[in-house]
Every structure is written in structure tokens, then in C-alpha cells.
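Analysis of the macromolecular model
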Amino acid sequence: MLTMPQFGLRDNLIKCELLKNEEAYTYIQNFNFFLGTYNVNGQTPRESLRPWLSATPQPPDFYCVGFQELDLSKEAFFFNDTPKEQEWMKAVSEGLHPDAKYALVKLVRLVGIMLLFYVKKEHAKHISEVEAEAVGTGIMGRMGNKGAVAVRFQFHNSDLCVVNSHLAAHIEEYERRNQDYKDICSRMLFRQQDPTLPPLTILKHSIVLWLGDLNYRISELDVDYVKDLILKKDFETLHNYDQLKRQMDEETVFVGFMEGEIDFQPTYKYDTGSDYWDTSEKCRVPAWCDRILWRGKNIVQQYYQSHMTLRTSDHKPVSSLLEIGIKVVNEEAYKKTFEDIVRSLDKLENECIPSVSVSQSEFHFKDVKFMQHRSETLKLHNDGQVPCQFEFIQKLDEPAYCKPWLTANPAKGFLAQGASIDIDLEVFVNRSTAPELNSGQQQLEDILVLHLERGKDYFISITGSYLPSCFGSSIHTLCQMREPIQEMPLEMIHRLSMLSPSEMSIPCTEKALDIPKEIWMMVDHLYRNASKQEDLFQQPGLRSEFEVIRDCLDTGTLDSLPGSNHSVAESLLLFLDALPDPVVPFSVYQECLDCSSNIGQCKKIISLLPQCHKNVFNYLTAFLRELLKNSAYNRLDVNILATIFSALLVRPSTKQDQMEKRKTREFFQHFLIQDSH
């Protein structure tokens, strides 16, 4: 395989021209890709996978095999460690088509979501630039019980990306699934071999293959009518009520993707070990949860089917065979095109200096809120005589090209002569940047320096106003505020934020609150409405609902909190995560580790905390013990709550290792076990 030129401005100029003239030196050759998806419900392989993986008469050129719910144990969830990875990988390798030899190119796994990528051995030498990534979309956007894994690679002259995702469950949660899809698309970033180029997103690839348990359900039909349509094999009528079809028709998700005709019965939910529909108390409506989609040119689906004979799980596996036209290089034509480009570039480089025009040099972001994405577009146009390479560069004595609440996307790149590019200037205030903005120590102000290689620098001014929030404010500060934070004068907020705990204890006109009213509102709401809520603190809420809850807490506009129980629960976790000094302060973190096995010492540490921190700790642990009394309904146990809350309440100012995580969990468990029965 002929390699592209290396890095640097001149190399990128040549690369750009080669891509523009690709048709002059490539031709299309078809290869067969087997795509398979299987939610195995935490089971171990009990039967051969041959009926699924070797369903084609001829061996495929590629295998992309995705699993979900590989392991449902707490250990897999919290520590991303499972013996089932090896068990299922062995079952797959034994199930591949017997008439060809395959090489495993990549395995990538996030908790129970695993993707295996195999290629016929004779094609392996034509694969390059292999990168794998994972994105968790579980609670707080971090937990990996939901999310996606992906592999991107170059095959001959085509770039491909394969995604295996497991989106949010439950029939009513289609908006959450849409949000998961968008999060995966925006957060899945693959680094490029050329360090001067920005990371690649999924949708930047010319071919995208997407499979997985997408979890979209059948809406508006009762279970008996659905089963009747299935008996009649009237899949066309049934498909009209499929949530994924409706969302794609409305162009809410998977815009530009294709899916083959579904002429097989729904793949979920069966009684494990059988072909019978779910007979449990919940009696789930059958649904096509498990799907395979694609995006790109020169792709023809050979088949799309489920495999009813496999009965290990409550899902049935699905497979598709795609014939994909790959761009293959004609080496003689490539050599001639390359030489022509180099000759013309030599002439241009000697005569011209790069130049761009910018659409505007000043941007203002008004009323920015905590965890609210805001963006403006900077348009760059190459008005010079030569292609150019641009990059936002660091200013003197600064660690990065911009402040941590700001990003430019892309931050560097390449612009052909006469071409334009839109650069998104994004402002996002998170738990790291909110405290100093709340306290007035930082403002939304920055200057970006846009540098052209061999050209001049351009200066872009960024300003904005930040609306202070209880998220990212300290426990001490919030206990001094009887009014919602946005009802208070900025100078007062800044003054209270800068006071030390000892200064705050000096009597003033109004007595401080025992705990921040915002914590009370969220916990009280959950205590009254969500004590029996299934999967509380494990299932994420909706971002749109979080924004309304945040505004409600910051402005005091509503007496009761809006949104679902899951959205309020996630808001509480985000609040605790954003505290500048956690409930158990950084200063005693090491003591907590040292005495984690001694319940008496653990209690002593808490008894000596500053009063408002101690109040919050005792209030939260009392609430969690109440939740444990309803574990038969909410499916919570001491392990789950200790793992989630210890990571927020007892955390260091730097990164934790696994041993520290186990010790903080042990420390916190002491306070959940007492009086829980």
C-alpha cells in the first residue's frame, strides 16, 4: 500500500491536492463486511455462534461483532473488569466462517459493551491508522453501563468507522436515547496520526457502520396487538410504530444513515433459553431493539436477519452482510499524480504568502449558565494564492491556547486556496471552572491568537457574562444565602465566596442555614417522590430537564422541582460533584483512607468536620439509609450507593487509583450499614 506523505505544511498541501484528485488514481473494489450485534444479558456462551457468524455461503472479508450486557455484575460496572471478555471472544473466534483464516485487528470494551474487529489475513496488510475509543453515557455522562465503543481505520484508500452502542432503556425514554446518540457523536474523538490535525469525530468518516442495542421500542400499541401483527408477519405495519423509524423520519437522530428492510420478528424480549415472548410480570412489548445501520456511498446490503436458534439471552442476535465499495489505489497513476502536484506546488510556494479573512474579531456570550453549551461561529476564508495551515497558539506564559471554559473546534487545520471553514467557538462552564466564575476570581474574557504558518497572526477577542449558580459554589457560601443565588447582588456573592469558614462563623444579622437549601430541595423531592423509584442514581436524567432544575434552584422561580425523578437524582450528583471542596473536605481525605477499616475512627473524622459539612454528610447518609429500606423496589444496595456517593463525598483533589477508590467506598459504607434494617 502506498503511504500518504508525512506531516508539516508542505506535506498537508500535497495530501489535500491528492484527496482532491483521488479519482485520477483510485478505482472501486467491493468487499463483504459481516456486521453482528447481540445483547447477551450477562450470560456466558452456552452454544455455538456458528449459526449467527457463519450464516453466509462465502466467508466475508471482515467481521465487526458487537456485544452488549456482556457482564451485569457490580464488579464489571464499577471496575470495568470481567472474565466474560475472554469467554465471548473465544466463542466468536470459534464461530467465524471455517473457509477462511482471520486476524483479530482490534478489541475494545467499555463495561459490557464490546466490539471485535476481524479481517481475512490476506487483507491485513492494507489496514492502517487503527484507533479505538469509548464513550460512557450513563449517570453524569461517565458511567459505562450505557454508551458506545468504536474502531476507526483506513482500508486501502477508504476511511471507515464502526460503532457498537447500547442506548438508554425503557419504552418512554426515546428522548434519552436521542441524547445518547448525539453525545456519542460529539464526544467520540479519534486522534489522527498527524498531530497538526484535529481529532476525527464519527461522522467525519466517509463510511460509518453502526450496530448495537439501540433500545428503541414499539410505541402506541398494546402487547397483544403487537404479537398478533407478528403472527401475521405484518412487519411493515408494525415498523410504522417503531420509535427509531419515527425519529429517523423526523431527522432527530441518525441523519444520513440507512437501514435495510426489516422482515424478521422483533429480537426482544424472550424468556431466556426459549423462543417464547416475555412471560414475566412486566410482560414487555416485543421490539426491534437490536439494529444495524450504515452511512456512506457504494454500500449494498446483501441481507439483514435475526437468528432465532440462539437462545442464550433474552435478545436474539442480528446480522447484516454489506457489500462495500472500497477505494483502491492504482500505484502508477498515484505516482504520476503525486509528481504533478509537487511540481505545481514548488512554483506556488516560491511566489505567494498565505492569507485568510475572518468573519469577525470580537465575540460576546451573554448570560452563560452552568453546564450550558453555547457556541458562535468564526468563518475563515482562504483569500490568498496558496493553501494554508492555521492553528490557535498559546500566548506567553499560558498553558493552553485558550481558557479552560473555551474551545475552538477545530483548533487547527488546513485550508485549500479559495476554501472556507466554520470554526465553532464553544463556551462551556463545568465543575472545574464554575467555582472561580461564581466567586468573581475569574471572568469570561480571553483573546485567541490565530496563527498562519508562513503568514501572520490574527487576534480574536472573547468576552461574556456568567450567571452565578449554586452548582460550583461552596457549602459554606450557600449556607449563608437565604435567597436564591441569582436574587443576590454580585458583590455580595463574591464577598461571601471569599470569606473563610472561621470568618463566616462570626455572628451576623441572619443565622446561617444548617444545610444549603438547594440540597434540601433535591433530597426532599427524592425522599417524597422517588424512594421506590427503580434504578435511582443509576439511570441518567434528561439534559433539558437538568437545565430547568438548575434554573429553578438558582432563581427560586418554582416551589417544587420539575423533571423526572432520574433528572433530579442526577442533578443532586452533579451538585455534589461540582462542590469546590467536597462534603468531606480535601484536608481530611488522607485520614479517611488511613482509618477506612475502623468504624470508630471514621465516625470521629465526621464528628470533627466543620458544622455545615457535618450537617450535609449526616443529612445525605440518613436519606440513603431510608432508600435502602425500599431496596426491594428501587434495586439499590449498600455497594451501589457507597460506590456512587463515596466518589463524590470523599474525593481527593487529584486523580484516585483503584486502591483509594476501594478505601473511600469502605469508609462510606460504615455510615450506610448502621440503622439500615
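These numbers come from a predicted model, not from an experiment. (Residues numbered from 1 in each chain as written. Predicted model: local features only at pLDDT ≥ 70, side-chain atom pairs only at ≥ 80, totals over all residues. Heavy atoms only, no water.)

1. With respect to empty space enclosed by the protein
Defined as follows: Put plainly, a pocket is an open set of points on a 1 Å grid over the protein atoms alone with protein on both sides within 12 Å along at least five of seven lines, a cavity is a set where a 1.4 Å probe fits but cannot get out, and a lining residue has an atom within 4 Å of a point. Grid points are joined across faces, edges and corners, and a volume is the space filled by probe spheres set on the points. Classification convention: Asp, Glu, Lys, Arg as charged; Ala, Val, Leu, Ile, Met, Phe, Trp, Tyr, Cys, Pro as nonpolar; all other residues, Gly among them, as polar.
Summed over the entire model, instances satisfying the criterion amount to one cavity of 30 Å³ or more. There is about 60 Å³ of room inside the largest cavity. Lining the largest cavity are Glu129, Glu131, Arg152, Arg191, Gln192, Gln193 and Leu200. Its residues assigned to classes, the lining of the largest cavity comprises one nonpolar, two polar and four charged.

2. Remarks on the side chain of His239
Put simply, the rule reads: Strands are runs of DSSP state E lasting at least 2 residues, helices are runs of H or I lasting at least 4, and numbering of each runs from the N terminus. The rule is simple: take the accessible area with a 1.4 Å probe, protein chains only, and divide by the maximum for that residue type; under 20% is buried, over 50% is exposed, in between is partly exposed. Whether two residues are in contact is decided by their heavy atoms, any of which lying within 4.5 Å being enough.
The topology assignment puts His239 in helix H7 (residues 235-239). For His239, a relative accessible area of 17% corresponds to the buried category. Filtering out sequence-adjacent residues up to four positions away, His239 remains in contact with Lys245, Glu259, Ile262, Trp288 and Arg291.

3. Here's the deal with helix H4 (residues 84-95)
Rule in force here: In a helix, the anticipated span is given by 1.5 Å times the number of residues less one. Here, the arc refers to the directions that run from the helix axis to the C-beta atoms.
The end-to-end C-alpha separation of H4 is 16 Å, in line with the 16 Å expected for 12 residues at 1.5 Å each. Within H4 the residues assigned to the buried category are Lys84, Glu85, Trp88, Met89, Ala91, Val92 and Gly95. Seen end-on, H4 carries its buried residues on one side only, within an arc spanning 160°. Those residues of H4 hidden inside the fold are in contact with strand S1 (26-39), helix H2 (50-53), strand S2 (62-68), strand S3 (102-110) and strand S4 (113-120).

4. Focus on the nonpolar core
How we decide: By nonpolar core is meant a set of buried Ala, Val, Leu, Ile, Met, Phe, Trp, Tyr and Cys residues that side-chain atoms within 4.5 Å join together.
The biggest cluster of nonpolar side chains holds 98 residues, and the ones touching the most others in it are Phe537, Leu576 and Phe645. When sequence neighbours within four positions are dropped, the list of residues in contact with Phe537 reads Ile139, Leu526, Ala569, Leu572, Leu573, Phe623, Leu624, Leu627, Leu641, Ile644 and Phe645. Grouped together as the second largest cluster of nonpolar side chains are 47 residues, Phe117, Val226, Leu322 and Ile326 included.

5. Re the packing of aromatic side chains
Inclusion rule: For Phe, Tyr and Trp, where Trp contributes only its six-membered ring, two rings pair if their centres lie within 6.5 Å, and the inter-plane angle classes them as stacked under 30 degrees, edge-to-face over 60, or tilted in between.
Applying the stated criterion to the full structure yields 30 aromatic pairs. For the pair Trp210 and Phe257, a centre-to-centre distance of 6.0 Å together with 85° between the ring planes defines the contact as edge-to-face. Of the two residues, Trp210 is situated in strand S8 (residues 207-213) and Phe257 in the loop between helix H8 (243-249) and strand S9 (290-295); the sequence distance between them amounts to 47 residues. The exposure class of Trp210 is buried, given its relative accessible area of 0%. Between Phe471 and Phe575, the ring centres sit 5.6 Å apart and the planes meet at 75°, which makes this aromatic pair edge-to-face. Placement of the pair is Phe471 in the loop between strand S20 (457-466) and helix H11 (475-479) and Phe575 in helix H16 (residues 565-578), with a sequence separation of 104 residues.

6. Some points on the environment of Leu378
Looking at the secondary structure, you find Leu378 in strand S14 (residues 374-382). For Leu378, a relative accessible area of 0% gives the class buried. Along the primary structure Leu378 and Ser439 are separated by 61 residues, whereas in three dimensions their C-alpha atoms are 30 Å apart. Once residues within four sequence positions are removed from consideration, Leu378 is found in contact with Val358, Ser359, Gln360, Phe363, Phe392, Ile421, Asp422, Ile423, Leu425 and Ile460.

7. Topic: the pattern of salt bridges
Defined as follows: Think of a salt bridge as a Lys or Arg side-chain nitrogen and an Asp or Glu carboxyl oxygen that are within 4 Å of each other.
A full pass over the atoms with the stated rule returns 33 salt bridges. Linking Asp446 and Lys395 is a salt bridge whose minimum nitrogen-to-oxygen distance equals 3.3 Å. A residue pair is termed long-range when its members are at least 10 positions apart, and Asp446 in strand S19 (residues 444-452) and Lys395 in the loop between strand S15 (388-393) and strand S16 (406-409) qualify at 51 residues. With respect to class, Asp446 is no different from Lys395; both count as buried. Put simply, Arg528 and Asp524 hold a salt bridge, and the shortest N to O gap is 2.9 Å. Of the two residues, Arg528 and Asp524 are both situated in helix H14 (residues 517-529); the distance of four residues between them amounts to about one turn of the helix. Look at the salt bridges and you will find they share partners, linking Lys282, Glu534, Asp535 and Arg635 into a network.

8. Describing unusual backbone geometry
Across the junction of Tyr268 and Lys269, the peptide omega takes the value 0°, indicating a cis bond. By secondary structure assignment, the location of Lys269 is in the loop between H8 and S9. A positive phi is found at Asn215, a non-glycine position, where the angle reads about 70°. Note on placement: Asn215 falls in the loop between S8 and helix H6 (223-231). For Asn298, which is not glycine, the phi dihedral falls at a positive 60°. Turning to its location among the elements, Asn298 is positioned in the loop between S9 and strand S10 (299-306). Among the residues examined, Asn298 registers a relative accessible area of 45% and is labelled partly exposed.

9. Overview of the sheet that holds S2
Let me state the cut-off plainly: Note on pairing: two strands pair once DSSP finds at least 2 bridges between them. Orientation is described by axes fitted as lines to C-alpha atoms, over the contacting stretch for helices, and by angles from 0 to 180 degrees between their N-to-C directions.
The strand order S3-S4-S2-S1-S11-S10 describes an open sheet built from six strands, whose pairing is mixed. Each having just a single partner strand, S3 and S10 make up the two edges of the open sheet. Averaged over all pairs of adjacent strands, the angle between their axes in this sheet comes to 20°, without regard to strand direction. With eight bridges connecting them, S3 and S4 associate as antiparallel partners.

10. Concerning the environment of Ser571
Among the structural elements, Ser571 can be located in helix H16. Filtering out sequence-adjacent residues up to four positions away, Ser571 remains in contact with Phe471, Met522, Phe546 and Ile549.

11. Some thoughts on the environment of Arg662
Structurally, Arg662 is set in helix H22 (residues 658-673). Distance from Arg662 to Ser473, taken between C-alpha atoms, is 28 Å for residues 189 residues apart in sequence.

12. Brief notes about the sheet that holds strand S13 (residues 362-368)
Spatial ordering of the open sheet is given by S13-S20-S19-S15-S17, a layout of five strands whose pairing is mixed. Every interior strand has two partners, whereas the edge strands, S13 and strand S17 (412-415), have only one. Pairwise comparison of adjacent strand axes, ignoring direction, gives a mean angle of 20° for this sheet.

13. A few points about the confidence of the model for the protein chain
Where the model shows low pLDDT, its predicted coordinates should not be examined in detail. Here is the rule: A residue's pLDDT is the predictor's confidence in that residue, given on a scale from 0 to 100.
Scored by pLDDT, the protein chain comes out at a mean of 92, with 95% of its residues at no less than 70. Under a pLDDT of 50 for its full length, residues 1-6 has, in the predicted model, 20 contacts with residues more than four places off or in other chains.

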